[in-house]
There are 2 protein chains.
Amino acid sequence: MNRLNGITRIPVRGAAALSRTRPAVAVLPTYVRALSTTAASPTTKPDGRERVVILGSGWAGYALAQTIKPSKASRVLISPRSHFVFTPLLASTTVGTLEFRASIEPVRRLGLDEFHQAWASDIDFASKTIRLEANTMSDTAGTKTSTLKGPVKGPEFDITYDKLVIAVGCYSQTFGIEGVAQHANFLRDVGDARDIRLKVLTAFERADLPSTTDAQRRELLSFAIVGGGPTGIEFAAELHDLVHEDLAKLYPALMPFVQVTVYDIAPKVLPMFDQALATYAMDLFHRQGIQVKTEHSLQAIRREGDILKLRIKGQADEVGAGLLVWSTGLTQNPLVAKLLEQDIPGLGRIVKDARSGGITTDGHMRVLTRQGGRGEDGPRAPLPDVYAIGDCTVQEEHRLPATAQVASQQATWLGKRINKGDLDAAGEGFKFRDWGAMAYLGSKRAIHQNGADGLKGWPAWILWRTAYLTKSMSWRNKLKIPAQWLITALFGRDISRF
Amino acid sequence: MNRLNGITRIPVRGAAALSRTRPAVAVLPTYVRALSTTAASPTTKPDGRERVVILGSGWAGYALAQTIKPSKASRVLISPRSHFVFTPLLASTTVGTLEFRASIEPVRRLGLDEFHQAWASDIDFASKTIRLEANTMSDTAGTKTSTLKGPVKGPEFDITYDKLVIAVGCYSQTFGIEGVAQHANFLRDVGDARDIRLKVLTAFERADLPSTTDAQRRELLSFAIVGGGPTGIEFAAELHDLVHEDLAKLYPALMPFVQVTVYDIAPKVLPMFDQALATYAMDLFHRQGIQVKTEHSLQAIRREGDILKLRIKGQADEVGAGLLVWSTGLTQNPLVAKLLEQDIPGLGRIVKDARSGGITTDGHMRVLTRQGGRGEDGPRAPLPDVYAIGDCTVQEEHRLPATAQVASQQATWLGKRINKGDLDAAGEGFKFRDWGAMAYLGSKRAIHQNGADGLKGWPAWILWRTAYLTKSMSWRNKLKIPAQWLITALFGRDISRF
């Protein structure tokens, strides 16, 4: 193994296509500048900058990479996908209010010291080494599996870190319900949004064929959403707008067959909102013809031709649907599960959060460990130079929700500490500032909750658009998004089947 | 079989998924307005408008549907794809100067009387009936096969016409060269553009991996184009711009490995341009580092992992490439081939053009037939109420090139005749007006040929952009395209791997 600039080549285990033509003797790529490092020590650059490796390009990882000043640290980002997704605008891209690219920011634009499109498959905390598996195959697929490991194994290599920040986020949780992983659509990445869009528009085209029966039309144009959180509710709202403002003009005769239904296992959707706002939302949904079925539990999905058949607990007959969007539940990333099982010499194991299965950190985002055999309350010690932020973590004493705003605030806090060089100072830890919650409800209406204050209707929709435009990451998108809103306002939503 | 409004349901032969759940007794879809027609006669609407069925949504078919006034005829369009592609801007979408959707126009936006996303698989000229096979499966794939019949057979149904216009265009011709159909990328539809884009950007990401060797980098970043017509030359130019204006900033160390090469079997590329302009183009390509290899003949392509291996006639070693774009040669659509073999009672067969294998028409776009056994020069008679325009046709006496401008001028001419109701008038036939030829060459330089006049360099590029903006079909795109050019000018090309 030769090792330079924190990168080590290792023999490839898998049958990755590229590896077959690789020469037996690994040579250093000419474009990796050779820097003076030794195999034993981490790879602080000669300019004195520490090598900060960030795992993940979501709300936590991307915001952190953006916050750290290039002059303060060598920024290395590892992510299986090549972009950050601005999740609040994903639902708008499924219906063509916005172009897909308006919801993403390519990681390469950050001008990082290094970016590798790869999975972190293992971490050795003692030697400060991360094993990576390249994931340069997945973007081309653009399917819902783009953030899940595919069958093709990429080449592997090792990199080292001076400081490591774990920000790998969570996976969708299917609760083991039969058929969800195979037949449901998720809405977490831009490829997911495209899949959903094509299914919706194709369902209309198919329903319009003279050879399609009314019974088939009713099933094809039934759109089911499982999960009554903001993501599910906003997708239902955007879909309603697309159908009633745009598709109604193109397929007027199909309108009687359309049905949008939100299922939730809980007695109430939008639990983060006051009763008054939630009631407003449900009244508006009712007027718009969107069904909300609370206390409904999906038991299985199967596919029959182009139709999904949903089995609902307590209902004798299956329900047909052309599309099911799954927007409920999170589960830990396999890397996190693996790290929590690992014995770290002298420190024991990383403290696992009992409820979420996530990584426990202190108020300074340091990953906490505990010696084995000392029970739940044994003394905890931070793992040197290892930090964790975002959905894959739980902060001890201050349990925070797994939301974008928590992740991005943690990232900003940690990034500023790195810039100041006071990462491990005894000072005050991270304080979360609740920016409130928002949900778009369709027909240019939204709700906004900020502490005890609530705002609803059209003003809340203006606030929704303004807030997300302000928060969007790049100037390119800050210009593109209002331009696309304008074009949509003038000409209607884009109905290109693309 | 029941028959209403020109639509007949027929039993489905294939194993289309949808058909399995279809009831045995076909019922008329409620949204198809029942109109008084009889099984024997075609289906002129009660308002007196004739039913004009157009096959195809390319330059010919789409422009015709757009030209015919809704008050003058009932417009029925059949196409396997749901959009028209503005082909001159496709190459710009592969590199992110424009969004993919800026190059397409959804057919549904035309507000037609009927649109069916389907293949025409057969035509019975005696009963004026067309058999259709639904193609509502293909858009979701977005691959290069989107305009080719896939393995999944859609449900079938029949429609009738009063007047029929065949505008089905051509397929790409691979000349039977081994591996082209499997491994080459075409550039004819927007899904093709997306495939190419993802391959180019992924090749850079893959080449950048520490585990990739320099030899692999050189192959991955070799981009081959076969065909030195405007499409191939413009793609090479756009790719050059992407690499040198945008990717050079993101992957500076990879630049020595990049090579763009255009292969052509002829001794000269861009044959439609004067020698002076062609020489200017070749000099500019040379300065930009784009290789042009004329009199090179590709004999086979095979794939080895992610690398394509090209066998060139007269060269001992294969040439490696990360991508091969095929932009040469046209072959007839299978429907055209089938129609030319068909015996039409009392008229013989449609006259086949010996050189192209296309449909022969007269100067009024009427499809010509000839009684069998009378040799090449036997008397020709028009097939009643059947017209053909665009790439699938050859006009007797006036052989015109298979280009977008010929197709769209024919469409406009025919559409105006339909609007005036003087389709079969003895008056003057179609006259082609040559608008000249243009090609973008990279680095904001183009060439423009108009008769004996030539224009080159930056002014020709301004003309190129102005002309295509003027020609783009919808106001939506006339607004979107300059907005996207502006954003690209401000921030560089979009490098989202999407």
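Scroll up for the structure.
All values derive from a computational prediction rather than experimental measurement.

Looking at this structure, how should I read a nonpolar patch on the surface?
Nonpolar side chains collect at one region of the surface, where A:L479, B:L486 and B:L490 lie side by side and expose about 280 Å² of accessible area between them. Along the polypeptide, B:L490 turns up in helix α11 (residues 475-491).

Any chance you could explain the packing of helix α4 (residues 190-207) of chain B against helix α6 (residues 230-250) of chain B here in plain terms?
The geometry of a pair of packed helices is captured by two quantities: the angle between their axes and the separation between those axes. Residues and elements named next belong to chain B. At a minimum axis distance of 13 Å, the contact between α4 and α6 shows a crossing angle of 35°. In terms of crossing hand, the pair formed by α4 and α6 is right-handed. Mapping the contact onto sequence places I196, V200, L201 and F204 in α4 and F235, L239, L242, V243 and L247 in α6. Split by residue class, the contact of α4 with α6 holds 9 nonpolar, no polar and no charged.

I'm lost on the relation of the copies chain B and chain A in this one. Help?
Between the two copies of this chain, the relationship is a rotation about some axis together with a displacement along it. Between chain B and chain A, which share one sequence, the superposing operator has a rotation angle of 180° and an axial displacement of 0.0 Å; the RMSD is 0.0 Å. The superposition of one copy onto the other is thereby described by a two-fold rotation axis. Both copies contact each other with a shared surface, as 100% of the interface residues of chain B are interface residues in chain A too.

Hey, could you run me through the interface of chain B and chain A in this one?
One frequent convention defines the size of an interface as the accessible area lost when the parts assemble. Tallying the contact residues gives 75 residues for chain B and 75 residues for chain A. Of the roughly 7,300 Å² buried between chain B and chain A on both sides combined, carbon and sulfur atoms contribute 59%. Taken together, the connections running from chain B to chain A amount to 12 salt bridges. In this structure, the salt-bridge partner of A:K480 is B:D494, at a minimum N-O distance of 3.2 Å. Counting the contacts that link chain B with chain A gives 24 residue pairs in polar contact (both at pLDDT 80 or more). Mapped onto the side of chain B that touches chain A, the elements with two or more residues apiece are β2 (7-9), β6 (104-106), β7 (114-124), β9 (156-160), α4, α5 (214-220) and α11 of chain B. Class assignment for the residues of the side of chain B that touches chain A results in 33 nonpolar, 19 polar and 23 charged.

Would you take a moment to explain the packing of helix α10 (residues 458-471) of chain A against helix α11 (residues 475-491) of chain A for this structure?
Residues and elements named next belong to chain A. The N-to-C vectors of α10 and α11 enclose an angle of 150°; their axes lie 9 Å apart at closest approach. Relative to α11, the element α10 is oriented roughly antiparallel. The element α10 and its partner α11 pack so that their crossing is right-handed. Contacts from R465, L469, T470 and K471 of α10 reach α11 at N477, K478, I481, P482 and W485. When its residues are assigned to classes, the contact of α10 with α11 shows 4 nonpolar, 2 polar and 3 charged.

How should the sheet that holds strand β14 (residues 290-293) of chain A be read in this particular structure?
Sheet strands line up and pair through hydrogen bonds in the backbone, either parallel or antiparallel. Residue and element names in this part refer to chain A. In space, the 4 strands of this open sheet follow the order β14-β13-β12-β18, with parallel pairing throughout. Looking at which strands have only one partner, the edges of the open sheet turn out to be β14 and β18 (323-326). For this sheet the average axis-to-axis angle between neighbouring strands, irrespective of direction, equals 20°. Judged from the 4 bridges that link them, strand β13 (residues 259-263) and β14 form a sheet pairing that is parallel. Counterpart to V260 in the pairing with β14 is I290.

Honestly, the sheet that holds strand β17 (residues 319-321) of chain B in this entry has me stumped. Any pointers?
All names here are of chain B. In spatial order, the strands read β15-β16-β17; together these 3 strands make up an open sheet with antiparallel pairing. At either end of the open sheet lies a strand with only one pairing partner, and these are β15 (298-304) and β17. Pairs of neighbouring strands in the sheet enclose a mean axial angle of 30°, with direction left out of account. Examined bridge by bridge, β15 and strand β16 (residues 307-312) share 6 bridges and lie antiparallel to one another. Residue R302 lies in a different strand from β16, and its bridge partner there is K309.

How do you make sense of helix α4 (residues 190-207) of chain A when you look at a structure like this?
Note on helix geometry: an α-helix contains 3.6 residues per turn, so any two residues three or four positions apart are oriented the same way. Its 18 residues place the ends of α4(A) 26 Å apart at the C-alpha level, agreeing with the 26 Å of an ideal helix rising 1.5 Å per residue. With respect to burial, α4(A) is a largely interior element, 17 of its 18 residues being buried.

For this particular structure, what's the right way to read the nonpolar core?
General note: in soluble globular proteins, nonpolar side chains tend to be found buried as a group. Counting residues in hydrophobic clusters, the biggest one holds 95 residues, and the most contacted among them are A:F204, A:L221, A:F223, A:L247 and A:L414. Not counting residues within four places of it along the chain, the set of residues in contact with A:L414 comprises A:L64, A:V165, A:H364, A:M365, A:Y387, A:I389 and A:L423. Counting 94 residues, the second largest nonpolar core, distinct from the first, contains B:L250, B:L323, B:W413 and B:M438.

Can you walk me through the pairing of strand β25 (residues 437-442) of chain A in this structure?
Where a strand is regular, its side chains alternate between the two sheet faces. All names here are of chain A. Burial runs high along β25: 6 of the 6 residues are buried. Two strands pair when backbone bridges link them, and β25 and strand β26 (residues 445-450) are joined in this way by 5 bridges, in the antiparallel orientation. Residue pairing for β26: G442 is matched across the bridge by R445. In this antiparallel pair of consecutive strands, β25 and β26, the connection spans 2 residues, and S443 shows a positive phi of 50°.

Where do I start with helix α9 (residues 404-420) of chain A in this structure?
All names here are of chain A. The end-to-end C-alpha distance of α9 is 24 Å, a good match for the 24 Å that 17 residues give at a rise of 1.5 Å each. The buried fraction of α9 amounts to 13 of the 17 residues, a majority that puts the element mostly inside the structure. Taken from the residues just after α9, G421 is the one with a positive phi, measuring 75°.

I keep staring at the environment of B:I495 and nothing clicks. Help me out?
Relative to the assigned elements, B:I495 resides in the segment after α11. Separated by 294 residues in sequence, B:I495 and B:L201 have C-alpha atoms that sit 7.7 Å apart. Not counting residues within four places of it along the chain, the set of residues in contact with B:I495 comprises A:P106, A:R108, A:R109, B:R197, B:L201, B:L247 and B:L250.

Please explain the pattern of salt bridges as it appears in this structure.
A side chain of one charge can pair with a side chain of the opposite charge when the charged atoms of the two come close. In the structure shown here, the tally under the stated rule is 60 salt bridges over all chains. For B:D494, the salt bridge is made with A:R476, and the minimal N-O distance between the two is 3.8 Å. A residue pair is termed interchain when its members come from two chains, as with B:D494 in the segment after α11 and A:R476 in helix α11. For the pair B:D494 and A:R476, one class covers both residues: buried. As a salt-bridge pair, B:E114 and B:R51 come within 2.8 Å of each other at their nearest N and O atoms.

Quick notes on the rules
- Residues numbered from 1 in each chain as written.
- Chains lettered and ligands numbered in written order.
- Predicted model: local features only at pLDDT ≥ 70, side-chain atom pairs only at ≥ 80, totals over all residues.
- Heavy atoms only, no water.
- Patch = residues over 30% accessible without salt bridge, like charges linked within 9 Å, V, L, I, M, F, W, Y side chains within 5 Å.
- Areas by Shrake-Rupley, 256 points an atom, 1.4 Å probe, with all protein chains shown as cover.
- Salt bridge = Lys/Arg side-chain N within 4 Å of Asp/Glu carboxyl O.
- Helix = DSSP H or I, 4+ residues; strand = E, 2+ residues; numbered from the N terminus.
- Axes fitted to C-alpha atoms, helices over the stretch in contact; angles between N-to-C directions.
- Left-handed = near helix turned anticlockwise from the far one by under 90°.
- Contact = heavy atoms within 4.5 Å.
- Nonpolar A, V, L, I, M, F, W, Y, C, P; charged D, E, K, R; others polar.
- Least-squares fit on C-alpha atoms with pLDDT ≥ 70 in both.
- Buried area = accessible area lost by both parts, 1.4 Å probe.
- Polar contact = N/O pair within 3.5 Å; in protein donor to acceptor, adjacent residues only side chain to side chain.
- Parallel < 35°, antiparallel > 145°, perpendicular 65-115°, else oblique.
- Pairing = 2+ DSSP bridges.
- Expected span 1.5 Å × (residues − 1).
- Buried < 20%, exposed > 50% of the residue type's maximum accessible area, 1.4 Å probe, protein only.
- Core = buried A, V, L, I, M, F, W, Y, C linked by side-chain atoms within 4.5 Å.

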